[in-house]
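Listed below, chain by chain, are the residues.
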Amino acid sequence: MYFALRSHVLLLVLLACAPLFGQPLNGTYTIGTAGNYPTFTAAVTALTTNGISGPVTFNVFSGTYAEQVVIGPVTGTSAVNTITFQSLALDSTAVTLVHPSQPGNVNDFALRLNGVDHITVRKITVQRSGALTYGTVIDVMGTSTDWNVRNCRLLPSTSTAAYNYGVSVFTSTNLGVSSVRDCRVNNGSGLGVGIVSG
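Residues numbered from 1 in each chain as written. Predicted model: local features only at pLDDT ≥ 70, side-chain atom pairs only at ≥ 80, totals over all residues. Heavy atoms only, no water.

Description of the environment of Pro156
Working step 1: The residue Pro156 is located in the loop between β12 (153-155) and β13 (167-171) in this model.
Working step 2: A relative accessible area of 2% places Pro156 in the buried class.
Working step 3: Considering only alpha carbons, one finds Pro156 and Ile138, 18 residues apart in sequence, at a separation of 9.1 Å. (Helix = DSSP H or I, 4+ residues; strand = E, 2+ residues; numbered from the N terminus. Buried < 20%, exposed > 50% of the residue type's maximum accessible area, 1.4 Å probe, protein only.)

As for the sheet that holds strand β9 (residues 125-129)
Working step 1: Pairing is parallel across the open sheet formed by 5 strands, whose spatial order is β3-β6-β9-β12-β15. Both edges of this open sheet fall to β3 (63-66) and β15 (184-185), since each of them pairs with a single strand only.
Working step 2: As judged from the 2 bridges shared by β12 and β15, these two strands associate in the parallel manner. Bridge pairing links Leu154 to Val185 in β15. (Pairing = 2+ DSSP bridges.)

So, the nonpolar core
Working step 1: Within the largest apolar cluster, 38 residues are counted, with the highest numbers of intra-cluster contacts made by Phe40, Phe58 and Phe85.
Working step 2: Ranked by residues supplied to this core, first place goes to helix α2 (residues 40-50) with 5 residues. (Core = buried A, V, L, I, M, F, W, Y, C linked by side-chain atoms within 4.5 Å.)

Considerations on α2
Working step 1: Along α2, the positions that sit buried rather than exposed are Phe40, Ala43, Val44, Ala46 and Leu47. Looking down the long axis of α2, one finds its buried residues gathered within 155 degrees of arc, a one-sided arrangement.
Working step 2: Lining the buried residues of α2 we find β1 (25-31), β2 (52-60), β3, β4 (69-71), β5 (83-87) and β6 (95-100).
Working step 3: A positive phi of about 70 degrees marks Gly51, the residue just after α2. (Arc of directions from axis to C-beta. Contact = heavy atoms within 4.5 Å.)

In structure tokens:
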């Protein structure tokens, strides 16, 4: 009887912890208050923790998301198993990911791609609010390859300093098939994309 009780307790503990050891993501999910994930950050945590086993699309409900988001390496990505973040309304003005501009250059981004491959961000506004000197919108670094930013509005800080890019790319690796396409960049230094290859 003691052994049976221990077995039942162990089973209950495993069931309670099951969500912590989730299955790889595969398919379509939503981001927003009524979605599968309430925030971009929650969705990214699921991605980087569980990886993917097929193409994954995150449809984002309309609204403003005040977050600073870092997407690191995701297990399982490939030319077939891609990751897409897009506005559910397929309208770049319907979803805004925003983070304030800042006086210093540490962590100068609203969205950072840091070692993630085969990812697309489309039909979303990404913004750095305010008028401080550092207001880069998307920062690509590490070993990120095969990334795409499409049909987005990229809004750096309203400061005209030279540190405000729509997309800043700093990498020492092959970019693969990466692109910034059909995006509108307002404000900032007037430079849509800055690339430094080490």
